[in-house]
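Chains, contacts and geometry: an overview
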Amino acid sequence: MGKRIVVALGGNAILTDDPTAQGQQNVLRETAEKLVTLVKQGHQLVIAHGNGPQVGNLLNQQLAANSEKNPALPLDTCVAMTQGSIGYWVQNAMNDILIKENIQKQAVSVVTQCLVNQDDPAFQNPSKPVGPFLTEEEAKAASEKDGAHYKEDAGRGWRKVVPSPKPEEILEYPMVKNLIDNGFITISAGGGGIPVIATEDGYKGVEAVIDKDFAAAKLAEMLNADYFIILTGVDNVYINFGKENQKKLEQVHISELKEYISQNQFAAGSMLPKVQAVIQFLEKRPFAQAVITSLDNLENLLTGTVVSNSSLKAVNQNA
Ligand SMILES: Nc1ncnc2c1ncn2[C@@H]1O[C@H](COP(=O)(O)OP(=O)(O)O)[C@@H](O)[C@H]1O
Ligand SMILES: NC(=O)OP(=O)(O)O
């Protein structure tokens with residue numbers, strides 16, 4: 001029987017070496033071809049996606065063009081814009097392939113807002129990398145110019161960092177659920193969802209970018225997903241990553257992952273939030289499974305890092 005699967009698409013499922021709109025749409029076409037395999041197998045597919053590179057680039061464009069007549073738009077609006085543009089690309093890529101393959105299904109993207117807490121400590125500690133990778137010198141020069149924070153990102157270069165509060169609720173959840181129950185493939189919580197706080201005058205956007213892995217985990221939890229799959233740039237999560245003694249994780253229990261977190265095995269802003277997101281999901285849905293792997297490995301999913309929270313595994317571990 002078909003399973004309910006929430007897939008979170010990472011950066012390289014959207015953008016590889018060509019950041020033009022056409023370049024990103026070309027990458028997404030290949031991504032969609034792989035995702036349609038899950039639909040052909042009879043599964044219910046729910047797609048979430050990142051926007052880190054795109055929202056940072058858009059923010060830079062806003063700042064570069066900022067003038068009285070053409071003012072820079074705030075970060076929540078940039079999240080909405082990139083959620084919309086990437087959602088449009090994913091939706092069309094999926095639908096073109098569904099038509100080509102004669103599959104009677106349609107994909108639709110939903111503008112999704114996530115409620116965050118205005119007292120979340122993340123607002124005081126910008127940590128989410130966005131936009132292009134820079135050298136240390138370029139980052140220093142950029143920081144002097146725009147006053148933003150820049151940090152080194154998991155050995156890959158320097159990037160602008162912005163606050164990244166945790167998503168507490170997905171406001172459009174009832175509509176997403178309705179669409180899924182009616183057979184639509186939904187694209188939602190894109191870019192982590194547009195971050196909003198609740199005020200007496202209604203929801204109000206805030207300057208932040210929510211981590212899409214946490215937003216996707218929340219969505220997977222709310223939808224009672226059977227599988228939560230995070231597709232990223234590596235087939236497996238590693239301990240001692242990048243060192244001579246690196247070791248890939250295959251079947252792993254959340255208790256082991258918590259131990260590795262306490263040993264600082266996962267880089268903040270890249271692998272750490274993914275590992276935390278699957279733990280968060282499996283704590284709420286202990287009989288479900290989570291997988292962290294690459295898009296290319298989607299057909300061999302179970303050779304990726306498969307995470308569980310089943311008591312059976314815990315008993316075996318303690319035996
Ligand atoms: N312990 C680790 N195991 C595997 N990959 C890691 C680890 N620590 C950091 N990484 C890096 O993190 C990357 C995934 O993070 P990132 O590229 O930010 O995610 P996304 O795919 O969502 O854009 C991997 O491709 C890898 O280069
Ligand atoms: N919003 C977000 O987490 O995007 P990336 O996964 O692209 O960094």
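Residues numbered from 1 in each chain as written. Chains lettered and ligands numbered in written order. Predicted model: local features only at pLDDT ≥ 70, side-chain atom pairs only at ≥ 80, totals over all residues. Heavy atoms only, no water.

**Points about the overall build of the protein**
- Counting its secondary structure elements, the protein contains 9 helices and 17 strands.
- A globule of 319 residues ought to have a C-alpha radius of gyration of about 20 Å, and the protein, at 19 Å, matches this closely.
- Expressed along its principal axes, the backbone C-alpha trace of the protein runs to roughly 60 × 45 × 45 Å.
- Looking at the protein as a whole, 49% of its 319 residues qualify as buried.
- Partitioning the intrachain contacts of the protein with sequence separation of at least 6 by distance along the chain shows that 73% fall at a separation of at least 24.
- As presented, the protein carries roughly 15,400 Å² of accessible surface, and 49% of it is formed by carbon and sulfur atoms.
- In the protein, the 28 positive side-chain charges and the 36 negative ones have mean positions that sit 4 Å from each other. (Helix = DSSP H or I, 4+ residues; strand = E, 2+ residues; numbered from the N terminus. Rg over C-alpha atoms; globule rule 2.2 N^0.38 Å. Buried < 20%, exposed > 50% of the residue type's maximum accessible area, 1.4 Å probe, protein only. Contact = heavy atoms within 4.5 Å. Areas by Shrake-Rupley, 256 points an atom, 1.4 Å probe, with all protein chains shown as cover. Lys, Arg positive; Asp, Glu negative; His and termini not counted. Charge placed at Lys NZ, Arg CZ, Asp CG, Glu CD.)

**Things to note about the UniProt feature "domain: Aspartate/glutamate/uridylate kinase" (unreviewed entry) in the protein**
- In this structure's numbering, the residues bearing the UniProt feature "domain: Aspartate/glutamate/uridylate kinase" (unreviewed entry) are residues 3–284.
- Split by type, residues 3–284 is 40% helix and 22% strand. Its first and last C-alpha atoms lie 18 Å apart. (UniProt positions renumbered as here; feature names shortened; annotations may be inferred.)

**Some details on the sheet that holds strand β6 (residues 149–152)**
- On the basis of which strands lie adjacent, the open sheet formed by 3 strands has the order β5-β7-β6 and antiparallel pairing. Only two strands of the sheet have a single partner each, and these edge strands are β5 (128–134) and β6. On average, each strand axis in the sheet is tilted by 40° relative to the strand beside it, whichever way the strands run.
- Pairing of β5 with strand β7 (residues 158–162), which is carried by 4 bridges, proceeds in the antiparallel orientation. The partner of K128 across the bridge, within β7, is V162. (Pairing = 2+ DSSP bridges. Axes fitted to C-alpha atoms, helices over the stretch in contact; angles between N-to-C directions.)

**Looking at the packing of helix α6 (residues 212–222) against helix α8 (residues 271–284)**
- At their nearest, the axes of α6 and α8 sit 8 Å apart, and the two run at 15° to each other. As judged from the angle between their axes, α6 and α8 are roughly parallel. Viewed along their axes, α6 and α8 form a crossing whose handedness is right-handed. Here K212, D213, F214, A217, K218, A220 and E221 of α6 come into contact with α8, specifically with P273, K274, Q276, A277, Q280, F281 and K284.
- Class assignment for the residues of the contact of α6 with α8 results in 6 nonpolar, 2 polar and 6 charged. (Parallel < 35°, antiparallel > 145°, perpendicular 65-115°, else oblique. Left-handed = near helix turned anticlockwise from the far one by under 90°. Nonpolar A, V, L, I, M, F, W, Y, C, P; charged D, E, K, R; others polar.)

**A word on the environment of V161**
- Tracing the backbone through its elements, the reader meets V161 in strand β7.
- Not counting chain neighbours up to four residues away, the residues in contact with V161 comprise P126, S127, K128, P129, H149, Y150 and K151.

**Some thoughts on the sheet that holds strand β9 (residues 185–187)**
- One open sheet accounts for 8 strands, arranged β3-β9-β2-β1-β12-β16-β17-β15; its pairing is mixed. Each of the sheet's edge strands pairs with one partner strand only, and the pair in question is β3 (107–109) and β15 (251–253). Each neighbouring strand pair of the sheet contributes to a mean axis angle of 20°, computed without reference to strand direction.
- Pairing geometry for β3 and β9, over 3 bridges, is parallel. Bridged to V108 within β9 is T186.

**What about the site of ligand 1?**
- Near ligand 1 lie 18 residues; those nearest to it are R156, K212, T232, Y238 and K274.
- In this structure, an oxygen atom belonging to ligand 1 sits 2.6 Å away from a side-chain N or O atom of K212.
- One of the side-chain nitrogen or oxygen atoms of K274 is found 2.5 Å away from an oxygen atom of ligand 1.
- Isolated, ligand 1 exposes 570 Å² of accessible area, and the fraction of that covered by the protein chains is 85%.
- Judged by the proximity of its atoms to the pocket grid, ligand 1 belongs to the largest pocket.
- Here the residues of the shell around ligand 1 sort into 7 nonpolar, 8 polar and 3 charged. (Near = heavy atom within 4 Å. Polar contact = N/O pair within 3.5 Å; in protein donor to acceptor, adjacent residues only side chain to side chain. 1 Å grid on protein atoms, 1.4 Å probe; cavity = no way out; pocket = protein on both sides within 12 Å on 5 of 7 lines; lining within 4 Å. Sits in = over half its atoms within 2 Å of the grid points.)

**A few points about helix α2 (residues 52–65)**
- Compared with an ideal rise of 1.5 Å per residue, which puts 14 residues at 20 Å, α2 spans 20 Å between its outermost C-alpha atoms and is within 8% of the ideal.
- Turning to α2, its buried residues are G52, Q54, V55, G56, L58, L59 and Q62.
- Looking at the buried residues of α2, the elements they touch are α1 (21–40), α3 (75–100), β5 and β7. (Expected span 1.5 Å × (residues − 1).)

**Side note on the site of ligand 2**
- Every residue lining ligand 2 is accounted for by G50, N51, G52, P53, K128, G191, V209, I210, D211 and K212.
- Between ligand 2 and N51 there is a distance of 2.9 Å, counted from a nitrogen atom to a side-chain nitrogen or oxygen.
- Contact between ligand 2 and K128: an oxygen atom at 2.7 Å from a side-chain N or O atom of the residue.
- Relative to its unbound accessible surface of 260 Å², ligand 2 loses 91% to contact with the protein.
- Of all the cavities here, the one that holds ligand 2 is the largest pocket.

**Quick word on the layout of surface pockets**
- Volume-wise, the largest pocket comes out at about 1,100 Å³.
- Counting only elements with at least two residues in the lining of the largest pocket, the list comes to α2, β5, α6 and α8.
- Element by element, the count of residues in the lining of the largest pocket is highest for β5, at 5 residues.
- Among the residues making up the lining of the largest pocket, the classes are represented as 17 nonpolar, 21 polar and 9 charged.
- Put simply, the second largest pocket is a space of about 340 Å³.
- Lining the second largest pocket are 18 residues, and of these S127, K128, A268, G269 and P273 sit closest to its centre.
- Looking at the lining of the second largest pocket, the elements with two or more residues in it are β5, β6 and α8.
- Element by element, the count of residues in the lining of the second largest pocket is highest for α8, at 3 residues.
- For the lining of the second largest pocket, the per-class residue count stands at 8 nonpolar, 4 polar and 6 charged. (Points joined across faces, edges and corners; volume = space filled by probe spheres on them.)

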